[in-house]
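Okay, here's what each chain looks like letter by letter:
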Amino acid sequence: MQVNATLPPQALADVLRTMPKAELHIHIEGSLEPELIFELARRNGVALAYPDVESLRRAYAFTDLQSFLDIYYAGASVLLKEDDFFDMAMAYFRRAVADGIVHAEVFFDPQTHTARGVPFETVMRGLTRARETAQRELGLSSAYILCFLRHLSEDAAFETLEEALPWREHFIGVGLDSSERGHPPEKFARVFARCRQLGLRLVAHAGEEGPAAYVRSALDELKVERIDHGVRALEDAELVRRLARERVPLTVCPLSNVKLRVFDRLSDHNLGQLLASGLVATVNSDDPAYFGGYLHQNFVETFAALPALQVREAYVLARNSIEASFAEASAKARWVDRLDAHFESFH
Ligand code: ADE
Ligand code: ZN
């Protein structure tokens, strides 16, 4: 497909919004907007450390990953009932459809909730009902990926896996998130080996704040099929060649990377270099309620900041997102056909 057109900003923004695409890196707890945090706090009688929405929002000034995680886990403390999880997930699914997403693979962090005494079943019932409602009422395809918190122990991850097994058909895979530095992928090699035996799909955060070596060990020790973030892989030329050769997708989150100071400015972001190096990069929102926007906002701001990104890159990024998803081959083929039709006018 020849998509060499150069478009003015508004026309490019329209293309970015309406092109069919998948989102592969979104933490559902990171879609919890301050307004919903306050509503749920009121509904559940939970005391918050901030008096109002504005003061909570003002606290969203992060210096690194940990400074974000502290406030993100505090925000999740208002989630207690099945309906809370349902309301949170439905709000995200509505936003996803508005941004032209046709398929979303959504992370959830059960340990954040079970550690507070919320039963695994409560989390899963609310999320599952939302997923089914989004399919039925919004026509949105989605799937869940259970993330283990890497700052917790291997034993805790095994316990969470045991708890999750009765719900096996309600999530397609497992991931690894939370504090990266000091918690290398290999800490969870045995848990991931077990998940692999169970037929679960495997992904892991690596090379966000942690070094390129963590990307390599996620591939070698965990045998993951995608790398979440992976932007620091560019520091290792041999690793970049391998990622390109093996077509390992990277789920890149540009606004997140700036908010968490992985890059100083969006104009410093390496997404253009990742694509130019032949990597299967995708654009994602990570924790949109905390980082300044959902998927479309990530696309628009990143394309505005990086002039090398034009219509061709929009097509490649959307196509990568569909092909890197864990959806069935027939669904992927249907979405790629729709994507090609969408770009037909730029031949
Ligand atoms: N959990 C939620 N967002 C995360 C991120 N960007 N990195 C690691 N863990 C997370
Ligand atoms: Zn993430």
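Please read all numbers here as calculations on a predicted model, not as lab measurements.

**Q** When you look at the coordination of the zinc ion (ligand 2) in this model, what are you seeing that I'm missing?
**A** Six octahedral donors at a metal ideally form angles of 90 or 180 degrees, and four tetrahedral donors ideally form angles of 109.5 degrees. Note on the zinc ion (ligand 2): its protein donors are H25 (NE2), H27 (NE2), H205 (NE2) and D286 (OD). The metal-donor distances range over 2.0 to 2.2 Å. Bound by 4 donor atoms, the zinc ion (ligand 2) shows angles of 84 to 174° at the metal and therefore irregular coordination geometry. Spacing between the donor residues of the zinc ion (ligand 2) along their common chain follows H-x1-H-x177-H-x80-D. A relative accessible area of 0% places H25 in the buried class. Owing to a relative accessible area of 3%, H27 belongs among the buried residues under this scheme.

**Q** What am I meant to see in the site of ligand 1 here?
**A** Lining the immediate environment of ligand 1, one finds H27, L65, F68, L69, Y72, D177, S178, H205, E208, H229, D286 and D287. Between H27 and ligand 1, the recorded distance is 3.4 Å, taken from a side-chain N or O atom to a nitrogen atom. One nitrogen or oxygen atom from the side chain of D286 is found 2.7 Å from a nitrogen atom belonging to ligand 1. In isolation ligand 1 has 260 Å² of accessible area, and contact with the protein removes 100% of it. More than half of the atoms belonging to ligand 1 lie within 2 Å of the grid points that define the largest cavity. It is helix α4 (residues 65-75) that provides the largest number of residues to the shell around ligand 1, a total of 4 residues. Of the residues assigned to the shell around ligand 1, the class counts are 4 nonpolar, 4 polar and 4 charged.

**Q** Explanation requested: the nonpolar core in the structure shown.
**A** The nonpolar side chains of soluble globular proteins are, as a tendency, buried together. Counting residues in hydrophobic clusters, the biggest one holds 112 residues, and the most contacted among them are Y92, F93, F108, Y144, F148 and Y290. Top contributing element to this core by residue count: helix α5 (residues 82-98), with 8 residues. Excluding residues that lie within four positions of it along the chain, F148 makes contacts with Q111, A157, T160, L161, V174, G175, L176, D177, V191, F192 and C195.

**Q** Help me out: how do you make sense of unusual backbone geometry in this one?
**A** A negative phi holds for most residues other than glycine; trans holds for most peptide bonds. Phi angles above zero are rare outside glycine, and R247 is one such case at about 50°. By the element assignment, R247 lies in the loop between α11 (237-245) and β7 (249-252). Within the chain, R261 stands out as a residue other than glycine whose phi angle is a positive 65°. As for its position among the elements, R261 is in the loop between α12 (254-259) and α13 (271-276). For R261, a relative accessible area of 52% puts it in the exposed group.

**Q** How do you make sense of the sheet that holds strand β3 (residues 141-149) when you look at a structure like this?
**A** Neighbouring strands of a sheet are bound in pairs by backbone hydrogen bonds; such pairs are parallel or else antiparallel. With respect to topology, 8 strands assemble into an open sheet ordered β1-β2-β3-β4-β5-β6-β7-β8, the strand pairing being parallel. Since the sheet does not close on itself, it has two edges, and those belong to β1 (21-27) and β8 (280-283), each with one partner. The mean angle between the axes of side-by-side strands here comes to 25°, regardless of whether they run parallel or antiparallel. The sheet strands contacting helix α7 (residues 120-138) are β2 (101-108) and β3, and the helix crosses β3 at an angle near 155°.

**Q** Would you take a moment to explain the pairing of β2 for this structure?
**A** Along any regular strand the residues' side chains alternate between the sheet's two faces. Taken across its 8 residues, β2 has 8 buried, putting it largely inside the fold. In terms of strand pairing, β2 meets β3 through 6 bridges, oriented parallel. Paired with E105 across the bridge in β3 is A143.

**Q** Help me out: how do you make sense of the state of the cysteines in this one?
**A** Two cysteines form a disulfide when their sulfur atoms are joined by a covalent bond. Applying the stated criterion across every chain, the model contains 0 disulfides. No disulfide involves C147; its nearest neighbouring cysteine sulfur is the one of C195, lying 11 Å away. A disulfide-free cysteine, C253 has its sulfur positioned 12 Å from the sulfur of C147, the nearest such atom.

Cut-offs used in this document
- Residues numbered from 1 in each chain as written.
- Chains lettered and ligands numbered in written order.
- Predicted model: local features only at pLDDT ≥ 70, side-chain atom pairs only at ≥ 80, totals over all residues.
- Heavy atoms only, no water.
- Donors = N, O, S within 2.8 Å, 3.2 Å for Na, K, Ca; no water.
- Tetrahedral: all angles 85-135°; square planar, octahedral: opposite > 155°, others 65-115°.
- Buried < 20%, exposed > 50% of the residue type's maximum accessible area, 1.4 Å probe, protein only.
- Near = heavy atom within 4 Å.
- Polar contact = N/O pair within 3.5 Å; in protein donor to acceptor, adjacent residues only side chain to side chain.
- Areas by Shrake-Rupley, 256 points an atom, 1.4 Å probe, with all protein chains shown as cover.
- 1 Å grid on protein atoms, 1.4 Å probe; cavity = no way out; pocket = protein on both sides within 12 Å on 5 of 7 lines; lining within 4 Å.
- Sits in = over half its atoms within 2 Å of the grid points.
- Helix = DSSP H or I, 4+ residues; strand = E, 2+ residues; numbered from the N terminus.
- Nonpolar A, V, L, I, M, F, W, Y, C, P; charged D, E, K, R; others polar.
- Core = buried A, V, L, I, M, F, W, Y, C linked by side-chain atoms within 4.5 Å.
- Contact = heavy atoms within 4.5 Å.
- Pairing = 2+ DSSP bridges.
- Axes fitted to C-alpha atoms, helices over the stretch in contact; angles between N-to-C directions.
- Disulfide = S-S within 2.5 Å.

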